[in-house]
Amino acid sequence: MSKLQNWSNTLVLLIATLGVGLVVSGCDSGGTSPDSNNLGDVSGAITGQVIDNASSTPIEGAKVVVAVGSLDADGESFSATTGAEGRFAITDLPATTADDGSNTGEDPSAKYGIRVETPDGSNYRDAYRGQVELAYGNNETGAVELGANITFPLQKNNGSLSGQLGVTGSDAPLRNTELRASQTINTGFTAEGDATSGFLTVTTTTTTDEQGSFTFENLVVGENVDLYARFDDGTEVRVDPAVSIPDEGSAESVKTSVSAPALTATLDPAPGTDFGTTEPEWTLTFNRPVAGVTTDDVAEALSIDESSISTKAVDGSGNVELDVSATTTESGAIESVSWSVAESLSDGIEFRVGYGNLFDDIVGAQYGVGLSEVNDTRVRRLPALLDYSIGANTNAPATPAIGEDGNVQVSNVPETIDYDVSSVSPNLTINVDNSGAPVKEYQVFARTVEDTEDRGQAPQFELKTTISAENVEFGETGGSVTFSGNPLRTNVEGTYGPIEWKIRAVSINNVEGDFSETQEIADNDSLDLSGAQYADVDGDGDDELEVTFSEPVSDISAGDAGTDYFIIEDGSTDPTALGEVAEVNNNISPATATVVVELGDDGSNTANDELTVREAGSDNFVTDLAGNPIKVESDANTTSL
């Protein structure tokens, strides 16, 4: 077999596998390989033809170079030049067993690097490179000859493509932007008539000028070109549609538009930030230079709304005045804008920054597209005023006290909560305590903890809700937190998780206080008996006692004595006898439990039987996963069979 890898010198890689028949004189297919120590008896020949890919006409004057092992090694090389029929022959090639041409002592195969150099002054792509690997056989005398016949179809690269590109959604040209032209070519290499096509990808680059115009030269004729625009941020956009390069001459001019990367900005600090100083400063940074506005425009658009009094930064009639500056490129395009208050503001205030139509007026200096996002939020979705607050007091806020002195009150929690509850939503009413520092908000954290003997690391507390302290100086604020999705269940059979939660205050300058004591919401409802019956549960022809509960159970296991947990009475002296507990089946969804108990006799004496589940206080009794015993009010633990 023969394997050929081929690529061009223009950052192009081709891997093509070619079937090559072995030329052996008098070959005996049943013979053995020659002794690898006798490689001097092994010789090889590579012959073939170089032709024009489009017309199949032979190419005279092409040089074929073969190197022992690899073109990149220092092995011996051989060459031949094609004649009028485009044919070449390189003979008496030595056998080799390693890439560098040396003999490793293993069974030899012939490996050669191969290169085709096109004639001087031709329009064909040059420097076809590859590697040929020839397997060998032997005849009865041990003489071996390796052979391969390869056809190289060359392609012309005198095609060209030009055009002019604009920017989608803008009147600006796609100026000073790198373009990449990519052509995927079917090389069509053949060897001994058993051909597997290979594919070659040719890439050429250029840059558009100030008008968005471009030209590509030396493209392969007869093949399509895919165009891509590559931007400074590393992204690429395909230019549609693909263009075909004709056999002769230039392709039709390309005139279309391309979507440039979005123009975005980052405002630092982000809206919602608490400043730790009474002299706040902001910086608006763009991902590329912008035009359409000046620092005067920015100053005119900005305003600060304090205590419902809106004061323009430039009119000088209010208490708030802003200083605005910008960093620019050499051409004057703005890269970032900064502003700060000319006079200190008050501590402990909440205020808003207005920006008018500022974000609508900004456009990219290079591509002309408008500003689309600020801090990952669409410009059209930004609020008209951006919220901020000032708290120069860096003390931690007071720690909330749950249920003490009316600090945090919890209401609307049901008196009894069952394992199967779908959600719990307690209401919280908080008296704001500003004794440590002005409070901005209260954060409620919670987790569900699996109640198992070997639960490993407990789940981490997660932030569930934030309750705003709107009246910071005095007054109360309220809200609710919802624990949903069957919060007392876990995904593991036979486990249960009470809800643990705690609360902390956050000051107006974003200092977090200590957590309150951890509170718990747990299953405190008694276990319910759903029913019981005699049934052939295991299919052995004999009845068993099957008892059903309203939720998974604990403190009972297979092998326990049934009389430890259940009593059967029928008013006679010979009630149905109970054997061992056979099965305890807990179901998560729907939440149920089934306990199967073997019967100590044939179960014939079942008339008027009545089952009682032993209550708490007995030596043994069944509980739910939270430890609640069976409900006994109104004989709820008794049922007829």
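Residues numbered from 1 in each chain as written. Predicted model: local features only at pLDDT ≥ 70, side-chain atom pairs only at ≥ 80, totals over all residues. Heavy atoms only, no water.

Novice: Looking at this model, I keep getting lost on the overall build of the chain. Mind explaining?
Specialist: On a plain count of helices and strands, the chain comes out with 2 helices and 47 strands. Here the chain displays about 31,000 Å² of accessible surface, and carbon together with sulfur accounts for 40% of that area. (Helix = DSSP H or I, 4+ residues; strand = E, 2+ residues; numbered from the N terminus. Areas by Shrake-Rupley, 256 points an atom, 1.4 Å probe, with all protein chains shown as cover.)

Novice: Before we go on, may I ask you to explain the pairing of strand E40 (residues 544–549) in this structure?
Specialist: Most of E40 is tucked away, with 5 of its 6 residues classed as buried. As paired strands, strand E39 (residues 529–535) and E40 are joined by 6 bridges and run antiparallel to one another. Opposite Gly-531, over in E40, you have Thr-548 as the bridge partner. Note that E40 and strand E44 (residues 592–599) share 5 bridges and pair antiparallel. Residue Phe-549 lies in a different strand from E44, and its bridge partner there is Ala-593. (Buried < 20%, exposed > 50% of the residue type's maximum accessible area, 1.4 Å probe, protein only. Pairing = 2+ DSSP bridges.)

Novice: Would you explain the sheet that holds E44 in this entry?
Specialist: Sheet strands pair via backbone hydrogen bonds, and the direction of the pair is either parallel or antiparallel. One open sheet accounts for 4 strands, arranged E39-E40-E44-E43; its pairing is antiparallel. Only two strands of the sheet have a single neighbouring strand rather than two, namely E39 and strand E43 (578–587). Going from strand to strand, the sheet's axes swing by 15° on average, the running direction of each strand aside. (Axes fitted to C-alpha atoms, helices over the stretch in contact; angles between N-to-C directions.)

Novice: What is the right way to look at a negative patch on the surface in this model?
Specialist: On the surface, Asp-536, Asp-538, Asp-540, Asp-542, Asp-543 and Glu-583 cluster together into a patch of negative charge. Along the chain, Asp-540 falls in the loop between E39 and E40. (Patch = residues over 30% accessible without salt bridge, like charges linked within 9 Å, V, L, I, M, F, W, Y side chains within 5 Å. Salt bridge = Lys/Arg side-chain N within 4 Å of Asp/Glu carboxyl O. Lys, Arg positive; Asp, Glu negative; His and termini not counted. Charge placed at Lys NZ, Arg CZ, Asp CG, Glu CD.)

Novice: Would you mind going over the packing of aromatic side chains with me for this structure?
Specialist: What describes a pair of aromatic rings is the distance from one ring centre to the other and the angle between the planes of the rings. Summed over all chains, the structure comprises 11 aromatic pairs. Between Phe-275 and Trp-282, the ring centres sit 5.4 Å apart and the planes meet at 75°, which makes this aromatic pair edge-to-face. Comparing Phe-275 with Trp-282, the two get one shared label, buried. Taken together, Phe-275, Trp-282, Trp-339, Phe-351 and Tyr-388 form an aromatic cluster joined through their ring pairs. The ring of Tyr-228 carries the charged tip of Arg-180 above its face, separated from the ring centre by 4.3 Å. One residue, Lys-502, lies across the ring of Phe-461, its end atom 4.1 Å from the ring centre. (Phe/Tyr/Trp six-rings, centres within 6.5 Å; stacked < 30°, edge-to-face > 60°. Lys NZ or Arg CZ within 6 Å of the ring centre and 35° of its normal.)

Novice: Quick question: what am I supposed to make of unusual backbone geometry here?
Specialist: Of all residues except glycine, most have a negative phi; of all peptide bonds, most are trans. Here the amide bond leading from Asp-268 into Pro-269 is cis, since omega sits at 0°, within 30 degrees of zero. As for its position among the elements, Pro-269 is in the loop between strand E18 (263–268) and strand E19 (274–275). You will see that Asn-412, though not glycine, has its phi angle at about 60°, which is positive. Here Asn-412 lies in the loop between strand E30 (408–411) and strand E31 (423–424).

Novice: Where do I start with the sheet that holds strand E45 (residues 610–613) in this structure?
Specialist: The 3 strands are arranged E42-E45-E47 in an open sheet whose pairing can be described as antiparallel. Two strands close off the open sheet at either side, each with one partner strand: strand E42 (566–569) and strand E47 (638–640). Each adjacent strand pair in this sheet contributes to an overall mean axis angle of 20°, direction not counted.

Novice: What should I look at first to understand the nonpolar core in this one?
Specialist: The tendency in soluble globular proteins is for nonpolar side chains to be buried side by side. Judged by nonpolar contacts, the single largest core of 57 residues is most densely connected at Leu-161, Trp-282, Phe-351 and Phe-359. If we ignore the near neighbours within four places in the chain, the residues touching Trp-282 are Leu-267, Asp-268, Pro-269, Phe-275, Ile-304, Val-337, Ser-338, Trp-339, Val-341, Phe-351, Val-353 and Tyr-388. By size, the runner-up hydrophobic cluster in this structure holds 25 residues, among which are Val-408, Leu-428, Ala-469 and Val-481. (Core = buried A, V, L, I, M, F, W, Y, C linked by side-chain atoms within 4.5 Å. Contact = heavy atoms within 4.5 Å.)

Novice: Mind showing me how you'd approach the confidence of the model for the chain here?
Specialist: Mean pLDDT over the chain: 79, with 78% of residues reaching 70 or higher. Within the chain, the lowest mean pLDDT, 26, falls on strand E2 (residues 15–16), and the highest, 96, falls on E18. Taken as a whole, residues 1–39 scores under 50 in pLDDT and shows 108 contacts with residues more than four places along the chain or in a different chain. Every residue in residues 137–144 is under pLDDT 50, and counting partners more than four places away or in other chains gives 20 contacts. (pLDDT = per-residue confidence, 0-100.)

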